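Chain by chain, the residues:
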Amino acid sequence: MSHSAVSQAASLSVSTGNDRSLRRSIFKQNNSISFNSKSWASSLALNQRTTSIREAKRYTICMSVQQTSSSKVSVFPLELEDPKDPPLNLYKPKDSYTAKIVSVERAVGPNAPGETCHIVIDHDGNLPYWEGQSYGVIPPGENPKKPGAPHNVRLYSIASTRYGDFFDGKTASLCVRRAVYYDPETGKEDPSKNGICSNFLCDSKPGDKIQITGPSGKVMLLPENDPNATHIMIATGTGVAPYRGYLRRMFMENVPNFKFGGLAWLFLGVANTDSLLYDDEFTKYLKDHPENFRFDKALSREGEKNKRGGKMYVQDKIEDYSDEIFKLLDNGAHIYFCGLKGMMPGIQDTLKRVAEERGESWDLKLSQLRKNKQWHVEVY
């Protein structure tokens, strides 16, 4: 796509959005609105439904904005900024919301171990959320352990800002790795033991219905009281999801009441280059905002060694920058961890070792970080 074509695509996305943002909203001139009722959401919902083809076009336009336009993108409805508290559990398992799939895209290259998908869900404005929250998904079918009952809810961190990938407050995105079980004896896949929800999501088609609960979670909310704060974000694999939301809000979207001037530092651990998620977006932020964004990758299967000659995991990359990280934490930086729970022991061991080398008690330091609400962990 030529530069002029990209500019047109960007302006098309923005102007389309501004037209739609003129829709009537019950939020108008009301700063004390609360998210935690459904009545406002139905009033805010779009009355017009678009076809899958139009959604696909809109997706293409927005992806071109993400990857190529250097100016920030207009978002709407800005009334999503008004509530003082995050939306919580607007829809519960027994009263879930029926959303629809907009798109399912493979998010990793051919040499990545396993498959990870970026899934865009249309909630039509009825299921608002804040960056760092999660949706629950109820896969179709019967719970094998409770005949006649639905499956249990599976939680997924939301990988978009409150405005969604189309910047209009109507969608949410999930980053889902397909859970496949291989028999340890035969080495062959056993579909009967595959992850029910992840396979449902990765196999979904545009227009498919999906039952959603939530949103839930407060621990990973992005603190915005200080727009010049430092945020150190540590992830393995799909744990990068909430950080994509943070970074789009910081660097891609034009949010009038949030102008980020601090430092966002992302550490991402994956197997290899093909496993890197949202790398185009993150690389662009590095180029456009070098003073405000740092990005360090730990690729465990590509030959880079840690200080002890072993594979390079995310905790080893943290150790490489430990002095700087500890100084930032001492000055009030927030630190976030998201990914498989197996990542935490190695990270905690590394931080403890570094603290002791500095003559500090890690237990005392961790207690202080928690007390100051600088320590944010969501692992699964």
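Whatever comes next refers back to the structure up there.
Residues numbered from 1 in each chain as written. Predicted model: local features only at pLDDT ≥ 70, side-chain atom pairs only at ≥ 80, totals over all residues. Heavy atoms only, no water.

Asker: Looking at this model, I keep getting lost on the pattern of salt bridges. Mind explaining?
Answerer: Pairing between side chains of opposite charge can happen when their charged atoms approach one another. By the definition in use, this model includes 23 salt bridges. A salt bridge links Glu131 to Arg249; its shortest N-O distance comes to 3.9 Å. Here the residue Glu131 occupies a position in the loop between strand 3 (116-122) and strand 4 (134-138), and Arg249 occupies one in helix 5 (residues 241-252), the gap between them amounting to 118 residues. In this structure, Glu131 and Arg249 share a single accessibility class: buried. Several salt bridges share partner residues, and in doing so they unite Glu81, Glu131, Arg162, Glu224 and Arg249 into one network. (Salt bridge = Lys/Arg side-chain N within 4 Å of Asp/Glu carboxyl O. Helix = DSSP H or I, 4+ residues; strand = E, 2+ residues; numbered from the N terminus. Buried < 20%, exposed > 50% of the residue type's maximum accessible area, 1.4 Å probe, protein only.)

Asker: I tried to follow the packing of aromatic side chains on my own but got confused; where do I start?
Answerer: Aromatic rings considered in pairs are described by the distance between their centres and by the relative angle of their planes. One pass over the structure, following the stated rule, counts 20 aromatic pairs. Between Phe282 and Phe295, the ring centres sit 5.5 Å apart and the planes meet at 80°, which makes this aromatic pair edge-to-face. Taken together, the residues Phe282 in helix 6 (residues 279-288) and Phe295 in strand 11 (residues 293-299) connect sequence positions 13 residues apart. Grouping residues by exposure puts Phe282 and Phe295 together as buried. Members of the aromatic cluster, joined through ring pairs, are Phe251, Phe258, Phe260, Tyr278, Phe282, Tyr285, Phe293 and Phe295. Above the face of the Tyr278 ring, Arg244 is positioned so that its terminal group lies 4.7 Å from the ring centre. The residue whose ring lies beneath Arg294 is Trp265, and the NZ or CZ to ring-centre distance is 3.7 Å. (Phe/Tyr/Trp six-rings, centres within 6.5 Å; stacked < 30°, edge-to-face > 60°. Lys NZ or Arg CZ within 6 Å of the ring centre and 35° of its normal.)

Asker: What is the right way to look at the packing of helix 5 against helix 6 in this model?
Answerer: How two helices pack is summed up by the angle between their axes together with the distance between the axes. Axis separation between helix 5 and helix 6 bottoms out at 11 Å; the angle between their running directions is 35°. The two elements helix 5 and helix 6 meet at a crossing, and its hand is left-handed. Across the interface between the two elements, Arg244, Leu247, Arg248, Phe251 and Met252 of helix 5 pack against Glu281, Phe282 and Tyr285 of helix 6. Across the contact of helix 5 with helix 6, the residue classes tally to five nonpolar, no polar and three charged. (Axes fitted to C-alpha atoms, helices over the stretch in contact; angles between N-to-C directions. Left-handed = near helix turned anticlockwise from the far one by under 90°. Contact = heavy atoms within 4.5 Å. Nonpolar A, V, L, I, M, F, W, Y, C, P; charged D, E, K, R; others polar.)

Asker: Just checking my understanding: could you explain a positive patch on the surface for this structure?
Answerer: A cluster of basic residues, Arg177, Arg301, Lys305 and Lys311, forms a positive patch on the protein surface. With respect to the helices and strands, Lys311 occurs in the loop between strand 11 and helix 7 (314-320). (Patch = residues over 30% accessible without salt bridge, like charges linked within 9 Å, V, L, I, M, F, W, Y side chains within 5 Å. Areas by Shrake-Rupley, 256 points an atom, 1.4 Å probe, with all protein chains shown as cover. Lys, Arg positive; Asp, Glu negative; His and termini not counted. Charge placed at Lys NZ, Arg CZ, Asp CG, Glu CD.)

Asker: Teacher, can you tell me more about the sheet that holds strand 11 here?
Answerer: Strands belonging to one sheet form pairs held by backbone hydrogen bonds; the direction of such a pair is parallel or antiparallel. An order of 11-10-8-12-13 is seen for the five strands of this open sheet, with the pairing classed as parallel. One side of each edge strand has no neighbouring strand; the edge strands of this open sheet are strand 11 and strand 13 (375-379). Looking at each pair of strands side by side, their axes are set apart by 10° on average, direction ignored. Bridge count for strand 8 (residues 230-236) against strand 10 (residues 263-270) is seven bridges, and the pairing is parallel. Looking across to strand 10, one finds that Ala235 is bridged to Leu268. (Pairing = 2+ DSSP bridges.)

Asker: What's the story with the sheet that holds strand 7 (residues 209-216) in this structure? I'm lost.
Answerer: The strand order 5-4-7-2-3-6 describes an open sheet built from six strands, whose pairing is antiparallel. Every other strand in the sheet has two partners, leaving strand 5 (154-157) and strand 6 (171-177) as the edge strands with one partner each. With strand direction ignored, the average angle separating the axes of adjacent strands in the sheet is 40°.

Asker: Hey, could you run me through the layout of surface pockets in this one?
Answerer: Any empty space left between the atoms is revealed when a probe the size of a water molecule rolls over them. When its volume is computed, the largest pocket comes out at roughly 1,300 Å³. Listing elements by their share of the lining of the largest pocket, those giving two or more residues are strand 5, strand 6, helix 4 (196-203), strand 10, helix 7 and helix 9 (343-357). In terms of residues, the lining of the largest pocket owes the most to one element, strand 5, which gives four residues. Considering only residue class, the lining of the largest pocket consists of 23 nonpolar, 17 polar and seven charged. Among the domains, domain 1 (78-216) and domain 2 (230-379) are the pair contributing at least three residues each to the lining of the largest pocket. Of the voids in this model, the second largest pocket is the one considered here, and its volume is about 500 Å³. For the lining of the second largest pocket, the per-class residue count stands at seven nonpolar, five polar and eight charged. Here the lining of the second largest pocket spans two domains, since at least three of its residues come from each of domain 1 (78-216) and domain 2 (230-379). (1 Å grid on protein atoms, 1.4 Å probe; cavity = no way out; pocket = protein on both sides within 12 Å on 5 of 7 lines; lining within 4 Å. Points joined across faces, edges and corners; volume = space filled by probe spheres on them. Domains from an automatic or database assignment.)

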